[in-house]
Amino acid sequence: MPTSFLPLVSITQTVGTFAFIISSFFGIIVIFLTLFGVQKIFGTYKYLIVTFTTIGVGFACFEAIFHPNLHFFNNGFVYFSLSTPFGLSIDTLRVILAMYIGVYSVTVSLLAIQFIYRYWAMFSFDHLSYFNGFKSLIWVVYCTFFGGIWWIGAYNLMEMDDVAEKYFEEEMLIRYSVSVKEIPVQTFLAYEPEDGSIRWKNVSYSVLSNLIMTFQYGVMVFCGWKMHSKMEEKTANLSAARKQHHRKLFKALVLQISIPTIFLFSPLILIIYLPFFQLELSLPAGTTQCLFNMYPAMDSIIILIILTEYRIAAKKMLNVVIRNLSTMLCARNGSTYRTAGQINLHTIRTTL
């Protein structure tokens, strides 16, 4: 007797909500410190960090509201949502599901732009003019282009047809007690069930995803490797403080390429290529969604841990909060001692 995967879906939804909470918590801290606390992060790079973090939080927020899920079945998968919040129609929710994929592409694009910015800041300072004024709109176009074509591609190339509906109908009824006709779904079927021929419409989506992912990841790897191989040479004439600052930023970028490899790229590779192996399987893959939505929190934590400026700014603001709370408590208790202003956190070490 086939078992239902509804309990696992509930667990996935809970984890997705948790991911949204921690992503929002750390994201708000990073945004606040970037705008008001850290002095050495300025100009366009400051707004890149703020924009990237904001979109990452929005990415996790989508998961908490719509709870998108994946289910692999033999040579295909269903991308669906069991909930229909706000009374939205199925067609509207299909657009939103595809938009989620588009936002994923925008997130990866912004990450690549951060690498480009840091690379040019070290080796081609004149090119930073593309991050100022009207020229900076090129990066809006960059993100919109990749986000838009992936969104449109997901909506059209994964549209459910009669063959996919028939193929997944029974499986969805057994596993989730729902018909694919009654919920917003995007379907991917690598081969025709009857004769095993390739379904080129769906395969085109794999090609599109692979091209975009390879390009963005290539940009990050290229810029990261160039910075690693030439950093000592380019920073030789800088002050010790500036050298240390560049090295901290590079460490952050190294982690920012390692963490998305785990949380963004690896799950996507699994999603894209698993159906082509024609394995006899039936399993929920909502955990891949959880990995996507844990990434914004991980990225914010990287910034807070690696960049000393953020830790110093956070410590100063925490001192202010403690002083104010102490003052309020003393005033409420009628105390004549004003010790709150002397409270400090010099015992908290700021180390790399």
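Treat the numbers as computed from the prediction; the structure is a model and nothing was measured.

Draft legend 1. Highlighting the overall build of the chain. Across its full length, the chain holds 9 helices and 4 strands. Secondary structure elements in the chain, listed N-terminal to C-terminal, are α-α-β-β-α-α-α-β-α-α-β-α-α. Looking at the chain as a whole, 49% of its 352 residues qualify as buried. Partitioning the intrachain contacts of the chain with sequence separation of at least 6 by distance along the chain shows that 76% fall at a separation of at least 24. When the accessible surface of the chain is totalled, it reaches about 17,400 Å², and 67% of it is carbon and sulfur.

Draft legend 2. Expanded view of the packing of helix α8 (residues 286–306) against helix α9 (residues 308–332). Where α8 contacts α9, the axes come no closer than 5 Å and their chain directions differ by 85°. In terms of axis orientation, α8 runs roughly perpendicular to α9. Along the contact surface, α8 presents I303, L304, I305 and I306, while α9 presents T308, Y310 and R311. For the contact of α8 with α9, the per-class residue count stands at 5 nonpolar, 1 polar and 1 charged.

Draft legend 3. Structural context of the side chain of T187. Among the secondary structure elements, T187 is positioned in strand β3 (residues 185–189). Note on T187: relative accessible area 0%, which makes it buried. Those residues in contact with T187 that sit more than four places away from it in its chain are F77, V78, M158, E159, M160, A164, F168 and N202.

Draft legend 4. Geometry of a nonpolar patch on the surface. Residues F32, L35, F36 and Y47 make up a contiguous nonpolar surface patch of about 440 Å² in total accessible area. Broken down by element, the nonpolar patch gets its largest block of residues, 3 residues, from helix α1 (residues 6–37).

Draft legend 5. How the structure looks around the sheet that holds β3. Read from one edge of the open sheet, 4 strands run β3-β2-β1-β4, paired in antiparallel fashion. Each end of this open sheet is capped by a strand with a single partner; those strands are β3 and β4 (282–284). Looking at each pair of strands side by side, their axes are set apart by 15° on average, direction ignored. For strand β2 (residues 76–81) and β3, the ladder comprises 5 bridges, and the chain directions are antiparallel. From the neighbouring strand, F77 faces β3, where its bridge partner is F188.

Draft legend 6. Structural view of the UniProt feature "transmembrane region" (unreviewed entry) in the chain. When the UniProt feature table is mapped onto this chain numbering, "transmembrane region" (unreviewed entry) sits at residues 15–35, 47–66, 95–117, 137–158, 203–225, 252–274 and 294–313. The span residues 203–225 shows a helical share of 100% and a strand share of 0%, and its end C-alpha atoms are spaced 32 Å apart.

Draft legend 7. Focus on the pattern of salt bridges. Taken as a whole, this structure holds 5 salt bridges when the rule is applied. With a closest N to O distance of 3.4 Å, K181 and E165 form a salt bridge. Of this pair, K181 sits in the loop between α5 (162–176) and β3 while E165 sits in helix α5; the two residues are 16 residues apart in sequence, bridging distant segments of the chain. You can call E165 partly exposed: its relative accessible area is 22%. Several salt bridges share partner residues, and in doing so they unite D161, E192 and R199 into one network.

Draft legend 8. Seen up close, the packing of helix α3 (residues 90–123) against helix α4 (residues 137–157). Interhelical geometry of α3 versus α4 gives an angle of 150° and a closest axis separation of 7 Å. When the interaxial angle is binned, α3 and α4 end up roughly antiparallel. Considering the relative orientation of α3 and α4, their crossing is right-handed. Partitioned by chemical class, the residues of the contact of α3 with α4 number 19 nonpolar, 4 polar and 1 charged.

Draft legend 9. Summary view of the packing of aromatic side chains. One pass over the structure, following the stated rule, counts 25 aromatic pairs. Centroid distance F145 to F146: 5.1 Å. Interplanar angle 75°. Geometry classified as edge-to-face. By relative accessible area, which is 46% here, F145 ends up partly exposed. Between the aromatic rings of Y167 and F168, the centroid separation amounts to 5.0 Å while the plane-to-plane angle is 85°, which identifies the pairing as edge-to-face. Each member of the pair, Y167 as well as F168, carries the same accessibility label: buried. Grouping aromatic residues by their ring pairs yields a cluster made of Y117, W120, Y130, F131, W139, Y142, F145, F146 and F215. Here the guanidinium or amino end of R94 rests over the ring plane of Y155, the centre of that ring lying 4.2 Å away. Sitting over the ring of Y130, K135 keeps its end group 5.3 Å from the ring centre.

Cut-off values and rules
Residues numbered from 1 in each chain as written. Predicted model: local features only at pLDDT ≥ 70, side-chain atom pairs only at ≥ 80, totals over all residues. Heavy atoms only, no water. Helix = DSSP H or I, 4+ residues; strand = E, 2+ residues; numbered from the N terminus. Buried < 20%, exposed > 50% of the residue type's maximum accessible area, 1.4 Å probe, protein only. Contact = heavy atoms within 4.5 Å. Areas by Shrake-Rupley, 256 points an atom, 1.4 Å probe, with all protein chains shown as cover. Axes fitted to C-alpha atoms, helices over the stretch in contact; angles between N-to-C directions. Parallel < 35°, antiparallel > 145°, perpendicular 65-115°, else oblique. Nonpolar A, V, L, I, M, F, W, Y, C, P; charged D, E, K, R; others polar. Patch = residues over 30% accessible without salt bridge, like charges linked within 9 Å, V, L, I, M, F, W, Y side chains within 5 Å. Salt bridge = Lys/Arg side-chain N within 4 Å of Asp/Glu carboxyl O. Pairing = 2+ DSSP bridges. UniProt positions renumbered as here; feature names shortened; annotations may be inferred. Left-handed = near helix turned anticlockwise from the far one by under 90°. Phe/Tyr/Trp six-rings, centres within 6.5 Å; stacked < 30°, edge-to-face > 60°. Lys NZ or Arg CZ within 6 Å of the ring centre and 35° of its normal.

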